[in-house]
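Spelled out from the first residue to the last, the chains are:
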Amino acid sequence: PASSSSSSSAAAAADGDAQVEVLLEGLAWPTEPRTDPVMDAHALKERGNALFKEGQMQEAAEAYSRALALLPADPTLLLNRAFARIRIAERARSAGQAAETAAAAA
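Novice: What's the story with the nonpolar core in this structure? I'm lost.
Specialist: In a soluble, globular protein the nonpolar side chains are often hidden away together inside. Counting 11 residues, the largest nonpolar core is built from A41, L44, L51, A60, A61, A63, Y64, A67, L68, L77 and A84. When residues of this core are traced back to their parent elements, those giving at least two are helix 2 (37-53), helix 3 (57-70) and helix 4 (75-105).

Here you go:
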């Protein structure tokens, strides 16, 4: 008798676990965590800042642009992207002047 009650208890527990699993499967759990656009924009800004410090101006400008897609009116993001683009233009202008100088010297 003791063994039959323990086996029936185990069967009831298994049935209970199966019922809980069925109930949980019916719930709509989000597959991806929800994100906060402000926090995402801040993370992209920080990435842009790090890239800027490393001298990777094109990548920095792209990170700021992605952040601006989330927060289009953020003045800091607008200025940071502008500074990165200025640096890109300065490098292009310097490269062009170096090429002209080399051509004139040849």
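Continuing now.
Novice: It is not clear to me how helix 3 should be interpreted in this structure. Could you clarify?
Specialist: The periodicity of an α-helix, 3.6 residues per turn, causes residues three or four places apart in sequence to face the same way. Its 14 residues give helix 3 an end-to-end C-alpha distance of 20 Å, which sits within 8% of 20 Å, the value for a rise of 1.5 Å per residue. Those residues of helix 3 that sit buried are M57, A60, A61, A63, Y64, A67 and L68. Across the axial projection of helix 3, the buried residues extend over an arc of 160°, all falling on one side. Opposite the buried face of helix 3, at more than 90 degrees from it, the exposed residues are R66 and A69. Buried residues belonging to helix 3 abut helix 2 and helix 4.

Novice: Please explain a nonpolar patch on the surface as it appears in this structure.
Specialist: A surface patch of nonpolar side chains, amounting to about 300 Å² of accessible area, comprises L79, F83 and I86. With respect to the helices, strands and loops of the structure, I86 is situated in helix 4.

Novice: What am I meant to see in the side chain of K45 here?
Specialist: Of note, K45 is situated in helix 2. Here K45 is buried and forms no salt bridge, its nearest opposite-charge partner E46 lying at an N-O distance of 4.0 Å. Discounting chain neighbours no more than four positions away, the residues touching K45 are Y64, A67, T76, L77 and N80.

Novice: Sorry if this is basic, but what is going on with helix 4 here?
Specialist: Across its 31 residues, helix 4 extends 45 Å between first and last C-alpha, which sits within 8% of the 45 Å expected from 1.5 Å per residue. L77, N80, R81 and A84 are the residues of helix 4 that are buried. Near the N-terminus of helix 4, the side chain that reaches the backbone nitrogen of T76, with its oxygen 3.0 Å away, is that of D74.

Conventions we followed
- For every chain, the first residue of the written sequence is number 1, and numbering continues from 1 along that sequence.
- Local features in this predicted model are restricted to residues of pLDDT 70 or higher, and side-chain atom pairs are both shown and tallied only at a pLDDT of 80 or more, whereas totals for entire chains, interfaces and linings draw on every residue.
- Side-chain metrics rest on all non-hydrogen atoms present in the structure, leaving aside hydrogens and water.
- We call a set of buried residues a nonpolar core when its members are Ala, Val, Leu, Ile, Met, Phe, Trp, Tyr or Cys and they connect through side-chain atoms within 4.5 Å of each other.
- Exposed residues in this analysis have more than 50% of their type's maximum accessible area, buried residues have under 20%, and partly exposed residues fall in between, with area computed by a 1.4 Å probe over protein chains only.
- Numbering of helices and strands runs from the N terminus, with a helix taken as a DSSP run of H or I at least four residues long and a strand as a DSSP run of E at least two residues long.
- For a helix, the expected span equals 1.5 Å multiplied by the residue count minus one.
- The arc under discussion is defined with respect to the helix axis, by the directions toward the C-beta atoms.
- Contacts are residue-level and defined by heavy atoms, with any inter-residue pair within 4.5 Å sufficient.
- Nonpolar side chains (Val, Leu, Ile, Met, Phe, Trp, Tyr) are joined into patches within 5 Å and like charges within 9 Å, using only residues with over 30% relative accessible area and no salt bridge.
- Here the open area of atoms and residues is found with the Shrake-Rupley method and a 1.4 Å probe, where only the protein chains shown may cover a residue.
- Salt bridge, as applied in this entry: a Lys or Arg side-chain nitrogen positioned within 4 Å of an Asp or Glu carboxyl oxygen.
- Charged-residue counts in this description rest on Lys and Arg as positive and Asp and Glu as negative, His and the chain ends being excluded.
- Pairs of N or O atoms are called polar contacts if they sit within 3.5 Å, as long as, within protein, a hydrogen donor faces a hydrogen acceptor (for residues adjacent in sequence, only side-chain-to-side-chain pairs).

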